Amino acid sequence: MDYEVLYDAIFHRRSVRKYDSAPLTDQAIAELHEFMQGVKPLVPGIKTEFKLLLPGDIKTNAPHAVCLYSEKKDGWRMNAGFMMEQVDLYLSADNIGACWLGMTKPDKGKVAPPAGMEWLATLCFGTPAQPMHREGTEQFNRKSLNEISNVTDLYHVLEAVRLAPSAMNKQPWFFSGSAEHVVISRKKSLMLDKLNQIDTGIALCCLMLALSHQGKDVKFSFGKQPVPEKQIFMAAAEITARA
Ligand SMILES: Cc1cc2nc3c(=O)[nH]c(=O)nc-3n(C[C@H](O)[C@H](O)[C@H](O)COP(=O)(O)O)c2cc1C
């Protein structure tokens with residue numbers, strides 16, 4: 001699936017919490033499987049694995065769930081958010097309802113983590129039994145652009161990023177720097193520290209898709225850079241016109 005399809009999905013997706021109990025077709029699952037094999041990572045060199053679960057493996061009212069397991073390395077949570085959001089947008093574009101489950105691991109003893117990896121994220125999914133698409137951006141309950149960035153030259157790109165989903169809809173991200181060199185940070189939070197790292201990866205996925213839509217390339221780096229007060233540095237993005 002190309003990035004434009006995922007980009008368009010940003011403007012219509014919503015979390016689905018009511019599902020038809022019937023499973024998806026084998027073909028839909030096979031296509032999802034194929035998509036997941038091509039998901040782009042954010043941080044190179046972190047081993048990850050998606051696992052599709054069966055209904056009895058995890059507590060959810062959806063007929064399916066996918067978990068992301070990862071090697072524990074710097075940036076692993078942010079990387080997981082970046083990767084799983086591609087799956088979330090793929091499902092939305094394919095008219096399959098989905099919802100992130102930040103705390104729901106597979107039931108003990110049901111699914112063994114791959115060797116050397118730990119569970120990081122779950123997305124449940126299935127045929128929706130409720131409306132699954134928003135009609136316009138006014139239906140999103142989100143912060144305004146000036147609450148998430150002081151780089152006005154980047155607002156046309158950040159309009160998509162602003163709509164990204166986050167745990168408890170906290171939207172912890174902030175974008176500073178310049179339109180060519182963006183610094184991404186997040187608000188300090190003791191309670192949501194781990195989930196906010198995943199959230200930031202989700203926002204970076206939307207940033208990459210929005211830049212791609214504008215004909216730009218982005219290179220992320222993770223060496224510490226100055227950030228606004230009360231923020232935690234997460235990543236920097238070097239933006240260039242696509243060659
Ligand atoms: C990392 C993460 C964890 C989440 N965990 C849960 C959860 O456990 N249960 C739930 O109902 N929704 C969960 N959500 C969904 C958010 O509540 C939802 O994305 C947010 O309120 C924005 O709404 P929207 O997705 O409909 O745009 C989670 C979202 C993220 C990104």
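Residues numbered from 1 in each chain as written. Predicted model: local features only at pLDDT ≥ 70, side-chain atom pairs only at ≥ 80, totals over all residues. Heavy atoms only, no water.

Remarks on the overall build of the protein
Okay, step 1: Secondary structure summary: the protein contains 6 helices and 8 strands in total.
Okay, step 2: Ordering the α and β elements of the protein from the N terminus gives α-α-β-β-α-β-β-α-α-β-β-α-β-β.
Okay, step 3: Computed over its C-alpha atoms, the radius of gyration of the protein comes to 17 Å, within 12% of the 18 Å expected for a compact globule of 243 residues.
Okay, step 4: Taking the principal axes of the C-alpha coordinates as reference, the protein spans close to 50 × 40 × 35 Å.
Okay, step 5: A buried classification covers 53% of the 243 residues belonging to the protein.
Okay, step 6: A fraction of 73% describes how many contacts in the protein between residues 6 or more apart in sequence connect residues 24 or more apart.
Okay, step 7: Counting every atom, the protein has about 11,700 Å² of accessible surface; 52% of that belongs to carbon and sulfur.
Okay, step 8: If you average the places of the 28 positive and of the 27 negative side-chain charges in the protein, the two averages end up 9 Å apart. (Helix = DSSP H or I, 4+ residues; strand = E, 2+ residues; numbered from the N terminus. Rg over C-alpha atoms; globule rule 2.2 N^0.38 Å. Buried < 20%, exposed > 50% of the residue type's maximum accessible area, 1.4 Å probe, protein only. Contact = heavy atoms within 4.5 Å. Areas by Shrake-Rupley, 256 points an atom, 1.4 Å probe, with all protein chains shown as cover. Lys, Arg positive; Asp, Glu negative; His and termini not counted. Charge placed at Lys NZ, Arg CZ, Asp CG, Glu CD.)

Structural notes on the site of the ligand
Okay, step 1: Around the ligand sit 17 residues, and of these Arg13, Ser15, Arg17, Arg134 and Arg142 come closest.
Okay, step 2: With respect to the ligand, the side chain of Ser15 contributes an N or O atom lying 2.6 Å from an oxygen atom.
Okay, step 3: Here a nitrogen atom of the ligand sits 3.0 Å away from a polar atom, N or O, in the main chain of Gly102.
Okay, step 4: A total of 620 Å² of accessible area belongs to the ligand in isolation, and the protein chains cover 82% of it. (Near = heavy atom within 4 Å. Polar contact = N/O pair within 3.5 Å; in protein donor to acceptor, adjacent residues only side chain to side chain.)

Details of the nonpolar core
Okay, step 1: Formed by 71 residues in total, the largest nonpolar core has its most connected members in Val87, Phe175 and Leu207.
Okay, step 2: Apart from the residues lying within four places of it in its own chain, the contact partners of Phe175 are Ile148, Ser149, Asn150, Val151, Leu158, Val161, Val182, Val183, Ile184, Ala203 and Leu207.
Okay, step 3: With 15 residues, the next largest nonpolar core counts Val16, Cys99, Met117 and Met132 among its residues. (Core = buried A, V, L, I, M, F, W, Y, C linked by side-chain atoms within 4.5 Å.)

Examining the layout of surface pockets
It is the rolling of a water-molecule-sized probe over the atoms that shows where space remains empty.
Okay, step 1: Counted as a void, the largest pocket has a volume near 400 Å³.
Okay, step 2: Taken together, 22 residues line the largest pocket, and the ones lying closest to its centre are Ser15, Pro165, Ser166, Ala167 and Met168.
Okay, step 3: Taken together, the elements giving at least two residues each to the lining of the largest pocket come down to strand E3 (97-101), strand E4 (118-126) and helix H6 (193-213).
Okay, step 4: At 4 residues, the largest contribution of residues to the lining of the largest pocket is made by H6.
Okay, step 5: Taken together, the residues of the lining of the largest pocket break down into 11 nonpolar, 6 polar and 5 charged.
Okay, step 6: Here the second largest pocket defines a volume of roughly 270 Å³.
Okay, step 7: In terms of lining residues, the second largest pocket is bounded by 14 residues, among which Arg77, Gly102, Met103, Trp119 and Lys194 are the most central.
Okay, step 8: For the lining of the second largest pocket, the secondary-structure elements that each account for two or more residues are helix H3 (76-93), E4 and H6.
Okay, step 9: With 4 residues, H6 is the largest single contributor of residues to the lining of the second largest pocket.
Okay, step 10: Partitioned by chemical class, the residues of the lining of the second largest pocket number 8 nonpolar, 1 polar and 5 charged. (1 Å grid on protein atoms, 1.4 Å probe; cavity = no way out; pocket = protein on both sides within 12 Å on 5 of 7 lines; lining within 4 Å. Points joined across faces, edges and corners; volume = space filled by probe spheres on them. Nonpolar A, V, L, I, M, F, W, Y, C, P; charged D, E, K, R; others polar.)

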